[in-house]
Amino acid sequence: MKKIEAIIQPFKLEMVKEALHAISVQGMTVNEVKGFGRQKGIREVYRGMEYQVDFLPKVKIEVIAPDDKVKEITETIIASARTGRIGDGKIFVSPVEEVIRIRTGETGEAAV
Amino acid sequence: MKKIEAIIQPFKLEMVKEALHAISVQGMTVNEVKGFGRQKGIREVYRGMEYQVDFLPKVKIEVIAPDDKVKEITETIIASARTGRIGDGKIFVSPVEEVIRIRTGETGEAAV
Amino acid sequence: MKKIEAIIQPFKLEMVKEALHAISVQGMTVNEVKGFGRQKGIREVYRGMEYQVDFLPKVKIEVIAPDDKVKEITETIIASARTGRIGDGKIFVSPVEEVIRIRTGETGEAAV
Amino acid sequence: MNAADTAFVLFSAALVMLMTPGLALFYGGLVRSKNVLGTIMQNFFMLGVIGVQWALIGYSLAFGPDIGGFVGSLSYIGLSGVGAEPFETYSKTIPHATFMIFQMMFAIITPALITGAWAERLKFSSFLVFILLWATLVYDPVAHWVWGDGGWLKSLGALDFAGGTVVHINAGIAALVAAIVIGKREGYGREAFIPHNLPMTVLGAGLLWFGWFGFNAGSALAADGIATTAFVATHLATCAAVLAWCFVEWAFRGKPTTLGAASGAVAGLVAITPAAGFVGPMSAILIGIGAGSLCYLAVLLKVKLGYDDSLDVVGVHGVGGLWGALATGLFASTAVNPAGADGLFFGNPAQFGIQVVAVAATVIYSFVISYILLKVIDATMGLRVAKEDEVAGLDLTEHQEAGYSL
Amino acid sequence: MNAADTAFVLFSAALVMLMTPGLALFYGGLVRSKNVLGTIMQNFFMLGVIGVQWALIGYSLAFGPDIGGFVGSLSYIGLSGVGAEPFETYSKTIPHATFMIFQMMFAIITPALITGAWAERLKFSSFLVFILLWATLVYDPVAHWVWGDGGWLKSLGALDFAGGTVVHINAGIAALVAAIVIGKREGYGREAFIPHNLPMTVLGAGLLWFGWFGFNAGSALAADGIATTAFVATHLATCAAVLAWCFVEWAFRGKPTTLGAASGAVAGLVAITPAAGFVGPMSAILIGIGAGSLCYLAVLLKVKLGYDDSLDVVGVHGVGGLWGALATGLFASTAVNPAGADGLFFGNPAQFGIQVVAVAATVIYSFVISYILLKVIDATMGLRVAKEDEVAGLDLTEHQEAGYSL
Amino acid sequence: MNAADTAFVLFSAALVMLMTPGLALFYGGLVRSKNVLGTIMQNFFMLGVIGVQWALIGYSLAFGPDIGGFVGSLSYIGLSGVGAEPFETYSKTIPHATFMIFQMMFAIITPALITGAWAERLKFSSFLVFILLWATLVYDPVAHWVWGDGGWLKSLGALDFAGGTVVHINAGIAALVAAIVIGKREGYGREAFIPHNLPMTVLGAGLLWFGWFGFNAGSALAADGIATTAFVATHLATCAAVLAWCFVEWAFRGKPTTLGAASGAVAGLVAITPAAGFVGPMSAILIGIGAGSLCYLAVLLKVKLGYDDSLDVVGVHGVGGLWGALATGLFASTAVNPAGADGLFFGNPAQFGIQVVAVAATVIYSFVISYILLKVIDATMGLRVAKEDEVAGLDLTEHQEAGYSL
Ligand SMILES: Nc1ncnc2c1ncn2[C@@H]1O[C@H](COP(=O)(O)OP(=O)(O)O)[C@@H](O)[C@H]1O
Ligand SMILES: Nc1ncnc2c1ncn2[C@@H]1O[C@H](COP(=O)(O)OP(=O)(O)O)[C@@H](O)[C@H]1O
Ligand SMILES: Nc1ncnc2c1ncn2[C@@H]1O[C@H](COP(=O)(O)OP(=O)(O)O)[C@@H](O)[C@H]1O
């Protein structure tokens, strides 16, 4: 099993979710995060004082999936999350050794 | 060392925390996330317009633990987080190569 | 590639970010979490009722980096995040198998 | 007819109206975020329900020609005959309808106060049925007893300037009954019930304080010295109660809290309500000090007594109202208001006795009828939402909304 | 000159002023959090822009000596001659400047209402140009038609106590045009546009309700029986509309909502505005019931009709104002206000006809001029922000601020 | 005695009271969320502390029979003799107690303004001691100088309609001293101090604006033409200042901000305060334009000068008050208010000189006494919280509460 983490633009979440749903990804977990990268930050001004905000709002999607679905999933994410502008985000894939469904105690592929 | 991630129902957090504490898990990190899965979403209505909210509030608990404690911890989480209804959540276990305590620089089991 | 996760005190974020920037870490993802550990919790009082709040605000930083940069990064984090008081937090290092930049499709070291 | 008095009472009515949204925020900030709308809704909706109930029947039951000292007749049903001419019995200098609308705002906020007791667990439909019945069977008659021409407590000489018995004791006792009958919230004693938005609560307290000037000074029904007396007493008692609550908790718990300051303010406002137009400024300060300390202790006691009055309606309105009604029998002075009476401290112990009777009558009546109503509703339509709905929160399950999507 | 009336109108003006920040919160809570400041800003800034516009020219255009029934002359430009003496034509008992400042608050809130239609996408600079032109070319003349001495609709006998046509239909129609010309928000129909902070919206509704007493009762310009009539009608219609909206949605959708209660309140306030000083309390309740149900249905209809009126200005102010203006022609009664007229239900169908004319004239004029203005601005400076700015939110891109950093 | 004036001043007092919760929100939104309650608490608690101080001694020091032009005697201590009869010296047409309570609200908000300077770092206990001493030793005497019968600045002919020197310069200078003596916040210049909740700040600004009508128009102490003049001037100066601040920042920084609009409003309200009842509407607009632009520049200057006045009390109240006091010496006109005086632009340069004297006296006195008080408190009980408490936030460490648990 693998964990696929994708950091994407927040306004792309809905589209990515639907694209993943379409390739029958049954579950995912989503998190609002702040990202720092090549994309330039935001300038905010309060009473004439300028602040450079380097951390930009991003959304992190986590999907646990069997090894053989990883490629399809990452490709789907790339297709649905890309705008082509700096800041589109990254995908990280890492190993997962065990998966358990709390409700049933099922493990492995049956659990996702 | 392993990382144990559990996605649970938010109202179960207190109980899981206490159960883990009882088996002397000394630390954990908790995060509010949104989950999408088999559990059906929420219907919200604003001025007569219906919105299907697919992402439900969940809590993610992360515990780093030595390999030999993983089984006890996952069983404790299952026992304390289960309601038996869809949406109870999942547990993922993955490898961790190094753990460092920032305060002391200790590493490995001494650090958790 | 490795994922370096550091759980730090929130007020240290700015310093850690700058220290990492100084050693040319180009990107990171940050998340507000709640931590439970040795550090004692907070006592809050509402209308004479006392509540022990065990979960304290922490910040989690995630940096994906090539294997050979891990040591430098963890040392930098330790140097910039340490106060020497309980609650300074931890660093976890874990394996990452693949990294993809959504914008370009680049993978591996070129993607971070 | 006097334009100044009319302007005065109309704006007072507007100020009292604002207290209900103010209360919605005060209460709304104290619950968990999953119940913020459910809590606000009950208060906001109250404006609608009781507004219409008062126009159709309530006003007549309270201020219609007396029937046996107990209730008003149905002469003013649908506001028939309630127009631009003054209502000699109550207010010679303003239109009858001005008096009526001012009183309406009191009828609205009283049941709204009770909603704090059952916060986070009552079914909305049952809420609706209960408050309609309660307004009609409890509030309207008690208002008649105390303020209605021929009302038995008024005839007895009970003093209640702006509603210590009618409003606060009445609501506080109904709240106590509700807390007992409805039972504790899921997780009570186990989970932390922490206010989700205290700035909202302080804003609510600020609006309540502001509106209360209309409540108390407006009850003079004329822009005169008595209105000023009531205004000054209201403000000073509240100031003193803020200090008292905070200093007591500073001594007991080590820190003064913002919620303590806001709660102290409400306690002071409650306690001075029956006394406002009858006491001087230094008496008002003493009443406020009593309110701040007594209500703080009452709130602490709740845990010991074991009922779950979610937002401390009993401790603040019940106990505060009780203290205020009795304190009126202590501090009232005809030197301040010749139309009032002297209290015990001004040589007239009898007045204190009368106040005790008024308090006791209200307590008993409110307790009994509220109890019966709640039991009947529980047996027929049920009072509480399902356990899983309570866990998910009323906003979602009773109203299909979420308070925040920040 | 009468001090009571002066006090009454001054405080009414203060209350109406508070409606604009109230509206800012009402609207601000309904947008997504990335647009909360952009939305609030347009309303708050309106106070500044139209306040100055009114003093410099607007007041004169609306209430200066009549020119052909269509507009006021420039005699009061820069408020010259608008001082402490009464203005015999409109208000004998208060200073001319008191009347002027009361009217100013109406001029401010009317264009503020429109801002709900284009929320989350309009350029701030274009907003500024549009509302300045709209105030000068639409609001000021229409105010003259209906309220100005010699205004053609006033001469015709159209009844509009506090601004059903001038304020609500006028703004509602401009909102409709704006929604059509400006187009739908990015993601409309695809993404969920969920209110980000409903407690803020309810607070806004509470302040609107409170301020509206100044709006409607204050329009009597004297603290008398008519002011009381208007106050009572305002409150009761609003109560009834809260109930109506919630019960209709309870029936249709299964649950009563907090946003429904708040929206119902505004619908009721809108609908009673033209009628407030001319109808009795039971008529007010009927008007409120109509408002709550009709506006709810109008809001549902929007989706069918396919324009994106972000915050339902058309459904609430347009339709509510329309219903109110026509209902005035149904329920008005000289028994309530001898200075008014009888409506259709009181034996005078002609009045209904006059109301129809007033409504039609306002609809057509507002539609045409608003359309021209928006098209010209679109062609010259552009109406919408860039697509990526809309996605990022107006707070950041138009004002370089963030609403919250919790 | 006049009921209309009594109603007018009572409601004005209520409006001014609401300004303090309004200020709590205005300031509360500007701090970081970990300090929201600490900030709100200082303002809310002020109501309690100064309310009681004023009743016990403050009122007498300010308005008791004159002692040497410097302070009032102790005749009215504990409000003895302050009752329903008019106070001939100050207000013939309303009860003495009405005048007293109206003035109380000014005494409360003045020290509340200062709290913005030391936000996010002052110990609550030290706060308490300081403001009690400051109210007694600074506010009360200065109020006597300017408004007290026999006060030396009043005798000199200084004009201050509603408190430009007494309230705003006084508070602004104390704020400057406090910012210097207390020192910068931890992380100042390094971390971003971003307002945590700007909608809350705008709400606060709205309530301040609303309440300020009571502040300024109420200072006429009668519902007459002067009250209207003050009301109109207040509104127009504020409108103009909103525009000025936003246009200046638009030009300088590229975008108009919501916080700029709210800040401009407060700057305008401050500046018009001393002038309100003495100037015409066009002068008011000019004063507002000056206020908006000058205060914006003053706020920018702060960074250069290197003190950490957290919420810009100096820039807005100090500079705004200064400009307003001097502008009164420029724009005052006896054509507007025969009881006032002509300013420089109306042919009387002497008045400008008198205003300069009044300003200078207030600046020096407030500076010196505030400095001594703060130094003494710092040496004895300490002013700042511990560094780690400051980092954790005052809500938790000073009050054991959290503002939000969303
Ligand atoms: N080395 C990294 N480790 C963790 N997260 C990263 C890293 N680099 C980038 N990110 C995340 O990816 C987001 C996008 O990266 P950025 O460099 O701005 O643009 P792009 O993805 O187009 O290269 C960042 O905001 C951050 O959240
Ligand atoms: N493949 C997955 N990857 C990551 N998270 C998942 C995955 N499947 C489910 N989840 C998480 O687990 C939660 C519960 O899953 P769900 O399918 O609703 O019920 P159950 O756990 O009872 O099977 C989801 O809300 C989501 O947060
Ligand atoms: N075993 C663990 N698994 C995951 N997170 C942990 C673990 N132990 C500690 N943490 C995180 O580290 C933070 C600091 O730990 P704590 O024990 O309080 O102090 P210290 O880091 O100084 O030992 C905790 O608040 C928690 O977020």
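Structure first, text after, so check above.
Residues numbered from 1 in each chain as written. Chains lettered and ligands numbered in written order. Predicted model: local features only at pLDDT ≥ 70, side-chain atom pairs only at ≥ 80, totals over all residues. Heavy atoms only, no water.

(A) Looking closely at the overall build of chain D. Summing up its helical and strand segments, chain D has 14 helices and four strands in all. Scaling as 2.2 N^0.38, a compact globule of 406 residues should have a C-alpha radius of gyration of about 22 Å, and chain D matches this with 20 Å. Its C-alpha atoms give chain D principal-axis dimensions of about 55 × 50 × 40 Å. The buried share among the 406 residues of chain D stands at 73%. A separation threshold of at least 6 residues defines the contact pool for chain D, and within that pool the share at least 24 residues apart is 75%. When the accessible surface of chain D is totalled, it reaches about 10,000 Å², and 68% of it is carbon and sulfur. Put simply, chain D has 16 plus and 23 minus side-chain charges, and the middle of one group is 13 Å from the middle of the other. (Helix = DSSP H or I, 4+ residues; strand = E, 2+ residues; numbered from the N terminus. Rg over C-alpha atoms; globule rule 2.2 N^0.38 Å. Buried < 20%, exposed > 50% of the residue type's maximum accessible area, 1.4 Å probe, protein only. Contact = heavy atoms within 4.5 Å. Areas by Shrake-Rupley, 256 points an atom, 1.4 Å probe, with all protein chains shown as cover. Lys, Arg positive; Asp, Glu negative; His and termini not counted. Charge placed at Lys NZ, Arg CZ, Asp CG, Glu CD.)

(B) How the structure looks around the relation of the copies chain D and chain E. Between chain D and chain E, the superposition needs a rotation of 120° and an axial shift of 0.0 Å, giving an RMSD of 0.0 Å. Taken together, the rotation and translation describe the operation of a three-fold axis. Minimal C-alpha separation from the rotation axis in chain D is found for Ala 4 of chain D, amounting to 2.6 Å. An asymmetric contact is evident, with only 17% of the interface residues of chain D recurring at the interface of chain E. (Least-squares fit on C-alpha atoms with pLDDT ≥ 70 in both.)

(C) Quick peek at the site of ligand 2. Near ligand 2 lie 22 residues; those nearest to it are Thr 29, Arg 101 and Arg 103 of chain A together with Arg 38 and Gly 87 of chain B. Positioned at a junction of chains, ligand 2 has nearby residues supplied by chains A and B. Contact between ligand 2 and Thr 29 of chain A: an oxygen atom at 2.8 Å from a side-chain N or O atom of the residue. Ile 64 of chain A is positioned with one of its backbone polar atoms (N or O) 2.9 Å from a nitrogen atom of ligand 2. Within the complex, 99% of the 550 Å² of free accessible area of ligand 2 lies under protein. Of all elements in the fold, only strand S2 (28-36) and strand S5 (56-65) of chain A together with strand S2 (28-36) and strand S6 (90-95) of chain B reach the threshold of two or more residues within the shell around ligand 2. When residues of the shell around ligand 2 are assigned to their parent elements, the largest contribution, three residues, is made by S5 of chain A. Residues of the shell around ligand 2, tallied by class, amount to eight nonpolar, seven polar and seven charged. (Near = heavy atom within 4 Å. Polar contact = N/O pair within 3.5 Å; in protein donor to acceptor, adjacent residues only side chain to side chain. Nonpolar A, V, L, I, M, F, W, Y, C, P; charged D, E, K, R; others polar.)

(D) Spatial organisation of the interface of chain D and chain E. Contact residues are listed per partner, giving 54 residues for chain D and 52 residues for chain E. Of the roughly 4,000 Å² buried between chain D and chain E, counting both surfaces, carbon and sulfur atoms make up 82%. When the buried area of chain D at its contact with chain E is split by residue, Phe 11, Phe 44 and Leu 406 of chain D rank highest and sum to 17% of it. On the surface where chain D and chain E come into contact, there are zero salt bridges. Of all the secondary-structure elements, those providing two or more residues to the side of chain D that touches chain E are helix H1 (3-30), helix H2 (36-63), helix H3 (96-114), helix H4 (124-147), helix H7 (198-217) and helix H14 (394-399) of chain D. Grouping the constituent residues of the side of chain D that touches chain E by class yields 41 nonpolar, 11 polar and two charged. (Buried area = accessible area lost by both parts, 1.4 Å probe. Salt bridge = Lys/Arg side-chain N within 4 Å of Asp/Glu carboxyl O.)

(E) Representation of the interface of chain A and chain F. Contact residues are listed per partner, giving 10 residues for chain A and 17 residues for chain F. Of the roughly 1,100 Å² buried where chain A meets chain F, counting both sides, 62% is carbon and sulfur surface. When residues of chain A are sorted by the area they lose upon contact with chain F, Tyr 46, Arg 47 and Tyr 51 of chain A head the list and together hold 62% of the total. The tally of links from chain A across to chain F stands at two salt bridges.

(F) Inspection of the site of ligand 1 at higher detail. In the region of ligand 1, 22 residues are neighbours, and Arg 38 and Gly 87 of chain A together with Thr 29, Arg 101 and Arg 103 of chain C sit closest. One chain alone does not account for the residues near ligand 1; they come from chains A and C. Backbone polar atom of Phe 36 of chain A to an oxygen atom of ligand 1: 3.3 Å apart, as the coordinates give it. A distance of 2.7 Å separates an oxygen atom of ligand 1 from a polar side-chain atom of Arg 103 of chain C. Among the elements of the structure, S2 and strand S6 (90-95) of chain A together with strand S2 (28-36) and strand S5 (56-65) of chain C are those that each provide at least two residues to the shell around ligand 1. Per-element accounting of the shell around ligand 1 gives the leading share, three residues, to S5 of chain C. Taken together, the residues of the shell around ligand 1 sort by class into eight nonpolar, seven polar and seven charged.

(G) Broad picture of the packing of aromatic side chains. Overall, the coordinates contain 120 aromatic pairs over all chains when judged by the stated rule. Residues Trp 54 of chain D and Phe 63 of chain D carry aromatic rings whose centres are separated by 6.4 Å and whose planes lie at 75° to one another, so their mutual orientation is edge-to-face. Summarising the burial analysis for this pair, Trp 54 of chain D and Phe 63 of chain D share the class buried. By way of ring pairs, the aromatic residues Trp 54, Tyr 59, Phe 63, Tyr 76, Phe 87, Tyr 90, Phe 99 and Tyr 139 of chain D are connected into one cluster. The ring of Phe 193 of chain E has Arg 185 of chain E sitting right over it, with the charged end atom 4.2 Å from the ring centre. (Phe/Tyr/Trp six-rings, centres within 6.5 Å; stacked < 30°, edge-to-face > 60°. Lys NZ or Arg CZ within 6 Å of the ring centre and 35° of its normal.)

(H) Structural view of the pattern of salt bridges. Evaluated as defined, the whole model comprises 60 salt bridges over all chains. The residue Glu 50 of chain A makes a salt bridge to Arg 253 of chain F at a minimum N-O spacing of 2.8 Å. Placement of the pair is Glu 50 of chain A in strand S4 (residues 49-53) and Arg 253 of chain F in helix H8 (residues 225-253), with the two residues belonging to separate chains. For Glu 50 of chain A, a relative accessible area of 37% gives the class partly exposed. The salt bridge involving Glu 191 of chain D is made with Arg 190 of chain D; its shortest N-O contact spans 3.7 Å. Put simply, Lys 3, Glu 5, Lys 60 and Glu 62 of chain A, Lys 3, Glu 5, Lys 60 and Glu 62 of chain B together with Lys 3, Glu 5, Lys 60 and Glu 62 of chain C are held in one network by salt bridges that share partners.

Keep in mind these numbers describe shape, not what the thing actually does.
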